[in-house]
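The chain contents come next:
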Amino acid sequence: MCGIVGYIGNKSGTDIVMKGLEALEYRGYDSAGIALINGDKSQVFKQVGRVSGLAKEVDEKAPEAHLVMGHTRWATHGGVTVQNAHPQANNDQTIFVVHNGIIENFAEIRAKLKAEGYHFDSQTDTEVVPNLIDFYLKQLPSFEDAFKAALGDVRGAYSIVAVSSKEPETLYAARLSSPLVVGVGDGENILASDPSAIMEHTKKVIYLEDYDVAVITKDKVSVHNLKEGKQTEPKVELLDFENEQALLGDYPNFMLKEIFEAPATIKTATLGRARADQGIVKLGGLESVLRQLKHVDRIVIVACGTSYYAGLVGEYLIEELAGVPVEVHLASEFKYRDEPFSRSTVLLAISQSGETADTIAALKKVEDYGVLRLGIVNAVGSTIARMTDAGVYCHAGPEKAVASTKAFIAQVTILTEIALHLSDGKHKLFKPLLKELGDLPAKAQVVLDSAEDIKKIAEKYADYRDFLFIGRNNAYPSAMEGALKLKEISYVHAEGYAAGEMKHGPLAMIDANFPTFAIATNSQLLEKTCSNIQEIKARKGPVVAIATQGNKTIKDLCDDVIYIPATLEETQPILHAIATQLFAYYIAQHKGLDVDRPRNLAKSVTVE
Ligand code: M6R
């Protein structure tokens, strides 16, 4: 949830770390801070609020330094205060620590250290770490030994970076269930929570593994794995995406940019994979497990938030096309369930960031079951991408806005390809669907071209307090995803419901002040959805609908209609998503909200 950057090298680390924090701000934006070590002097700058606020102070007051680390926070333990912002320091102000994750036994450690005479100034769990290092440093020969000893006492999930004013040449880092990547430069090394803070400086990276402790100087990265109890040879990999993908260009914010990347996202997700001309689907990432996939008797999908809704669309696709039973679980629930598993069950994790703690925990839960673990992941080299046996990358490029948009488009596209692949070409929709995937980018563009119309409709509904989203069949997950988008960026209470459930309760809420967003595109169940719309209208509920171009009847039924191009029922959720994303976006924009960084949220949820 928080963002970490560390620099050691010949250049001005202050600027590099501040820029890196800006790139990572999407991970948390309650407060930010940096620590600089110059000779044996240290300085800390911390502020509540955005990185830009801290940047001003740093510009005015901070000197250049060659060892710098910084942090952008999403509060877990303790309120949003300067005191609780990172870096946290030991009592002597000689050891500084930034941390992402949760130290579960911090209260116990704090009590133990208090008994030893230490005092604590913040409410954070993190503050125990620099003091614990300090405690061990009094007994052990080196900072590295003290750092390792402290990590040995800590329980939870973390990425931690520590520096000492007595060691102005070294960054110490550790990870457990929380990402850290080292950018390997020439006479410099940069450490960060994800590559977006690094890629401007180098494309060579080392992804730290669980239990790794790294000692980083400007010329060297040495890694010791605490679990294996030995030094390991760090593997240097090359980043494969361009910096421009992470930049805003002419767009006012990342969310709009990423919504408008839908056509390119579909193209990239299908490129070389959905080959309509040859009548095949080729998923390179699954080649190594093809034999196991032949014997699959059930697929269990685990994911959170938007990725979970993509999974629900996948359930319809895989069951219909491949005839394989699918269950979709919220990862946060799945990890605590006693779920019967056979060897031929496949666990499929879906995640944009590849770092979601609950999804990682779901994968870990089945580690010893001997089941195949697959992933649909966007962030290349992320934890989930690395811990699964095989998988398909989304290749959607960095997604920076907290609200997930293009990642959903990529995930559903890939789930369609997986369903087609598992169907072995036997389903009657195999060829039409393959062809439709090729036509879809142009249809997505048509929806985007109607953005101004959607904006007008959205503005009309911007002041309502509540919203119901309804749909049937695979438009039901579209309704839930539409509701999530609206609540997360515009703070409007919204619920996604199966249209057929209306009479079982939700209809009671409907009156002139409670609008409904109906997903009513052409399908076998359209008439039934239209009956639900009639029932809502009969109770004076305003209705906006998404309908298929050419459907004139729906115009008489609803107050407002967003038309999308005709497509197969199976590919409709992709177009639904673009329309609901734009609808939510324009409501949030009309309310003057920060669409990229909605309150209380962060992009990657790396704590439970
Ligand atoms: O990175 P992931 O796909 O694993 O993230 C899952 C959810 O946290 C994420 O989709 C979240 O719900 C988004 N903010 C929704 O827009």
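Definitions and cut-offs
- Each chain has its residues counted from 1, following the order in which its sequence is written.
- Only residues with pLDDT of 70 or above have their local features reported here, since the model is predicted, and side-chain atom pairs are shown and tallied only from 80 upward, although totals for entire chains, interfaces and linings are computed over all residues.
- Water and hydrogen atoms were dropped before computing side-chain values, which therefore reflect all heavy atoms in the structure.
- Numbering of helices and strands runs from the N terminus; a helix is a DSSP stretch of H or I covering at least four residues, while a strand is a stretch of E covering at least two.
- We call two residues contacting when some pair of their heavy atoms lies within 4.5 Å.
- Residues qualify for a patch when their relative accessible area is over 30% and they have no salt bridge, like charges being joined within 9 Å and the nonpolar side chains of Val, Leu, Ile, Met, Phe, Trp and Tyr within 5 Å.
- Note on areas: Shrake-Rupley, 1.4 Å probe, and residue coverage restricted to the protein chains presented here.
- The term salt bridge refers to a pairing of a side-chain nitrogen on Lys or Arg with a carboxyl oxygen on Asp or Glu at a separation within 4 Å.
- In summary, the charge assignment counts Lys and Arg as positive and Asp and Glu as negative, without counting His or the chain termini.
- A single reference atom marks each charge: NZ on Lys, CZ on Arg, CG on Asp, CD on Glu.
- Any residue under 20% of the maximum accessible area for its type is buried, any over 50% is exposed, and the rest in between are partly exposed; the area is computed with a 1.4 Å probe on protein chains only.
- For each residue, the test is whether any non-hydrogen atom lies within 4 Å of the molecule or strand; if one does, the residue is near.
- Polar contact is the term for a pair of N or O atoms within 3.5 Å; when the atoms are in protein, one must be able to donate a hydrogen and the other to accept it, and sequence-neighboring residues count only if both atoms are side-chain atoms.
- Under the convention adopted here, Pro, Cys and the residues Ala, Val, Leu, Ile, Met, Phe, Trp and Tyr are nonpolar, Asp, Glu, Lys and Arg are charged, and Gly plus all remaining residues are polar.
- Those domain boundaries reflect an automatic or database domain assignment.
- Criterion used throughout: strands pair if DSSP finds at least two bridges between them.
- A fitted line through C-alpha atoms represents every axis, and for helices the fit uses only the stretch in contact; the resulting angles, taken between N-to-C directions, go from 0 to 180 degrees.
- Each of two parts loses accessible area, computed with a 1.4 Å probe, when they are put together; buried area is these two losses added.
- By nonpolar core is meant a set of buried Ala, Val, Leu, Ile, Met, Phe, Trp, Tyr and Cys residues that side-chain atoms within 4.5 Å join together.
- If an angle is under 35 degrees, it is roughly parallel; if it is over 145, roughly antiparallel; if it lies from 65 to 115, roughly perpendicular; otherwise it is oblique.
- Crossings are assigned a handedness: left-handed for a near helix turned anticlockwise from the far helix by less than a right angle, right-handed for a clockwise turn.

**Focus: the side chain of Thr94**
Summarising the element assignment, Thr94 is placed in the loop between strand E5 (88-89) and strand E6 (95-103). Not counting chain neighbours up to four residues away, the residues in contact with Thr94 comprise Val163, Ser164, Ser165 and Lys166.

**Points about a negative patch on the surface**
Together, Asp15, Asp59, Glu60 and Glu64 line one region of the surface with negative charge. Note that Asp59 resides in helix H2 (residues 51-61). Judged by relative accessible area, which is 65%, Asp59 ranks as exposed.

**What to know about the site of the ligand**
Around the ligand lies a shell of 15 residues, among which Ser307, Ser351, Ser353, Thr356 and Glu488 are the nearest. Thr306 places a main-chain nitrogen or oxygen 3.0 Å from an oxygen atom of the ligand. At 2.6 Å, a side-chain N or O of Ser353 approaches an oxygen atom of the ligand. Protein contact buries 90% of the 410 Å² of open area that the ligand shows by itself. Listing elements by their share of the shell around the ligand, those giving two or more residues are helix H9 (305-322) and helix H16 (475-490). For the shell around the ligand, the residue count by class is 5 nonpolar, 8 polar and 2 charged. Of the residues that make up the shell around the ligand, three or more belong to each of domain 2 (248-443) and domain 3 (450-595).

**Some words on the pattern of salt bridges**
Between side chains of opposite charge, a pair can form when the charged atoms approach closely. Counted by the stated rule, this structure contains 30 salt bridges. A salt bridge links Lys364 to Asp210; the shortest N-O distance between them is 3.6 Å. Within this pair, whereas Lys364 is found in helix H11 (residues 357-365), its partner Asp210 is found in the loop between strand E11 (204-207) and strand E12 (212-216), the two being separated by 154 residues in sequence. For Lys364, a relative accessible area of 29% translates into the label partly exposed. The structure contains a network of salt bridges with shared partners spanning Arg298, Glu327, Arg337 and Glu339.

**Comments concerning the environment of Ser165**
Considering the arrangement of structural elements, one finds Ser165 in the loop between strand E7 (156-164) and strand E8 (171-176). Of the residues examined, Ser165 reaches a relative accessible area of 5% and is grouped as buried. C-alpha separation for the pair Ser165 and Thr606, spaced 441 residues apart in sequence, amounts to 29 Å. Those residues in contact with Ser165, other than ones at most four positions away along the chain, are Ile37, Gly39, Asp40, Ser42 and Thr94.

**Thoughts on the sheet that holds strand E24 (residues 493-498)**
Strands sit in the order E24-E23-E25-E26-E27 across an open sheet of 5 strands; the sheet is parallel. Since the sheet does not close on itself, it has two edges, and those belong to E24 and strand E27 (560-564), each with one partner. The sheet shows a mean angle of 20 degrees between the axes of neighbouring strands, direction not considered. Contacting strand E23 (466-471), strand E26 (543-548) and E27, helix H15 (residues 451-461) crosses the sheet at an angle of about 150 degrees to E27.

**Focus: helix H4 (residues 128-137)**
Counted residue by residue, H4 has 9 buried out of 10 residues, so it is predominantly covered. Among all positions of H4, only Val128, Val129, Pro130, Asn131, Leu132, Ile133, Asp134, Phe135 and Tyr136 are buried. Buried residues in H4 make contact with E5, E6, helix H3 (106-115), helix H5 (143-153) and E7.

**Here we look at the environment of Pro573**
Position of Pro573 among the secondary structure elements: in helix H19 (residues 572-590). Between the alpha carbons of Pro573 and Val313 there is a distance of 7.4 Å; along the sequence they are 260 residues apart. Each residue touching Pro573, except ones within four places of it in the same chain, is listed here: Val313, Phe408, Asn474 and Ser478.

**Looking at the domain arrangement of the chain**
By a widely used convention, the size of an interface equals the accessible area lost when the partners come together. Taken domain by domain, the chain consists of domain 1 (3-239), domain 2 (248-443) and domain 3 (450-595). For domain 2 and domain 3, the distance between their C-alpha centres works out to 25 Å. Contacts between domain 2 and domain 3 engage 31 residues on the former and 27 residues on the latter. When residues of domain 2 are sorted by the area they lose upon contact with domain 3, Tyr309, Tyr316 and Lys443 head the list and together hold 22% of the total. Connecting domain 2 to domain 3 are 0 salt bridges. Every element with two or more residues in the side of domain 2 that touches domain 3 is listed here: helix H6 (254-259), helix H7 (262-270), H9, helix H13 (406-422) and helix H14 (430-449). Looking at which element gives the most residues to the side of domain 2 that touches domain 3, the answer is H9, with 8 residues. Residue composition of the side of domain 2 that touches domain 3, by class: 22 nonpolar, 6 polar and 3 charged.

**Re unusual backbone geometry**
The phi angle of most residues is negative, glycine excepted, and most peptide bonds adopt the trans form. In this chain, His86 is followed by Pro87 through a cis amide linkage whose omega measures 5 degrees. Residue placement: Pro87 occurs in the loop between strand E4 (67-73) and E5. One non-glycine residue, Tyr211, lies in positive phi territory at about 75 degrees. Relative to the helices and strands, Tyr211 resides in the loop between E11 and E12. At His395, a position not held by glycine, the phi torsion is positive, near 50 degrees. On the secondary structure map, His395 appears in the loop between strand E22 (390-393) and H13. Judged by relative accessible area, His395 falls into the partly exposed class, the value being 34%.

**Side note on the nonpolar core**
Of all hydrophobic cores here, the largest spans 96 residues; its most connected members are Ile299, Phe467, Ile578 and Phe583. Sorting elements by how many residues they give to this core places H19 first, with 12 residues. Summarising the domain contributions, this core has at least three residues from each of domain 2 (248-443) and domain 3 (450-595). With near-sequence residues (within four places) excluded, Phe467 lies in contact with Tyr461, Leu486, Val492, His493, Ala494, Glu495, Phe514, Pro515, Thr516, Phe517, Val544 and Phe583.

**Brief notes about the packing of H16 against H19**
Running from N to C, H16 and H19 point in directions that differ by 20 degrees, and their axes come no closer than 9 Å. What the angle tells us is that H16 and H19 run roughly parallel. You can see that H16 and H19 cross each other, and the crossing is right-handed. Contacts between H16 and H19 involve Ala475, Ser478, Gly482, Lys485, Leu486, Ile489 and Ser490 from the first element and Pro573, His576, Thr580, Gln581, Ala584, Tyr585, Ile587 and Ala588 from the second. Per-class residue counts for the contact of H16 with H19 are 8 nonpolar, 6 polar and 1 charged.

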